[in-house]
Structures are given as C-alpha cells and as structure tokens.
Amino acid sequence: MHAFDILGDPVRRRILELLADGEQTSGAITDVIRAEFGLSQPGVSQHLRVLRDSGFASVRAEGARRFYAVEPAPLREVDAWFGRFRRFWDQRLDALETELARGKRAARTAGAKPGTEAGKTDPSAKGM
C-alpha cells in the first residue's frame, strides 16, 4: 500500500495523531476510536494492523497489553514528497507572517500619540 492510501483513511490518521502524543495501549486507542467513530474493537484492530504492516506504527508486548508507537520513517517519506510542493505555501505563510507583524505594529502605534506612551493620554490634547 502507498503511504497516501494509509493516510487517506480518517481512522488511521486519528490513530497516528494519538500516537504522536506518545506510546498508547491498544485499549486506550480503541476507547478513543470507538467514541469518535463508533468502530468495534475488531475494526480498530484492523486499522492498527494496517498501520503496523505498512511501517507507520510499531507494537511491543508487555504481558497481555500491546503498546503502539508511531514510526517516523514513513512520515519522513511523506514529508519529502510534500517538499516538492512546499514552495507553494511557504511564500504565502511568509507573507501572512509579515502582514500579522504589520498589524501588531499598527495596533501598538495607533494607541499612542507621538511623545506619549501607548495607552496613556496626552494632557495637552484635552485643551489644557
């Protein structure tokens, strides 16, 4: 299966989001997925198996419990693929950052008159 086939499923994406926060037991994952998607335990197990078989997740046994963790290598491959397209949004993000900084600067200076601190009124402006 191709990485985007794996990531195209919302349940598998959600499982990876949970695993991004750290190792999780299969029971904890099942509880969240069951609540959010209404899937049964066997249904969640199928998604965990797909993630494990495709290399996106690893599992370790500790007694009867199974702990799942995200595996970064396939995600690096996805990131590398997106790298070809990153230039399309990086420029826009840089422009957004510039506009946000201009807006903050304008808000700070709009509240202050020359020679006064922001937010304080100039006594001479009241006609004194």
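Residues numbered from 1 in each chain as written. Predicted model: local features only at pLDDT ≥ 70, side-chain atom pairs only at ≥ 80, totals over all residues. Heavy atoms only, no water.

## Considering helix α4 (residues 41-53)
Counted only if it meets this: Helix and strand definitions here come from DSSP, where helices need a minimum of 4 consecutive H or I residues and strands a minimum of 2 consecutive E residues; each element is numbered from the N-terminal end. How far a helix is expected to stretch is found by multiplying one less than its residue total by 1.5 Å. Burial classes: relative accessible area under 20% of the type maximum marks a residue as buried, over 50% as exposed, and values in between as partly exposed (1.4 Å probe, protein chains only). It is the directions from the helix axis to the C-beta atoms whose arc is reported. Residues are treated as being in contact if the distance between any of their heavy atoms lies within 4.5 Å.
Helix length check: α4, at 13 residues, gives a terminal C-alpha distance of 18 Å against a target of 18 Å (1.5 Å per residue), a fit within 8%. All of the buried residues in α4 are Gly43, Val44, His47, Leu48 and Leu51. For α4, the buried positions fall inside an angular range of 140° around the axis, keeping them on one side. Projecting away from the buried face of α4 at angles above 90 degrees are the exposed residues Pro42 and Asp53. The inward-facing, buried residues of α4 contact α1 (3-7), α2 (10-20), α3 (26-37), β2 (57-62) and β3 (65-70).

## Let's talk about the packing of aromatic side chains
Formally: By convention, a stacked pair of Phe, Tyr or Trp rings (six-membered ring in the case of Trp) has centres within 6.5 Å and planes under 30 degrees apart, an edge-to-face pair has planes over 60 apart, and any other such pair is tilted. For a ring to carry a charge above it, either NZ of a lysine or CZ of an arginine must fall within 6 Å of the ring centroid while also lying within 35 degrees of the normal to the ring plane.
Under the counting rule described, the total for this entry stands at four aromatic pairs. Considering the side-chain rings of Trp81 and Phe82, the 5.4 Å spacing of their centres and the 75° angle between planes classify their relative orientation as edge-to-face. Residue class for Phe82 comes out partly exposed when judged on its relative accessible area of 31%. Measuring from ring centre to ring centre gives 4.8 Å for Trp81 and Phe85, while their planes differ by 45°; the resulting arrangement is tilted. Three or more aromatic residues joined by ring pairs form one cluster here, namely Phe4, Trp81, Phe82 and Phe85. The ring centre of Phe67 lies 4.5 Å from the NZ or CZ of Arg60, which sits over that ring.

## Quick look at the pattern of salt bridges
As a working rule, side chains carrying opposite charge can pair if their charged atoms are close by. The condition is simple: We define a salt bridge as a contact between a side-chain nitrogen of Lys or Arg and a carboxyl oxygen of Asp or Glu at a distance within 4 Å.
According to the stated counting rule, one finds six salt bridges in the structure shown. We note a salt bridge from Arg14 to Glu36, for which the minimum N-O separation is 2.8 Å. With Arg14 in helix α2 and Glu36 in helix α3, this residue pair connects regions lying 22 residues apart in the sequence. For Glu36, a relative accessible area of 44% gives the class partly exposed. Close ionic contact of Asp79 with Arg86 constitutes a salt bridge, the shortest N to O distance being 2.5 Å. Arg86 gets classed as partly exposed once you look at its relative accessible area, which sits at 25%. Through salt bridges that share partners, Arg14, Glu17 and Glu36 make up one connected network.

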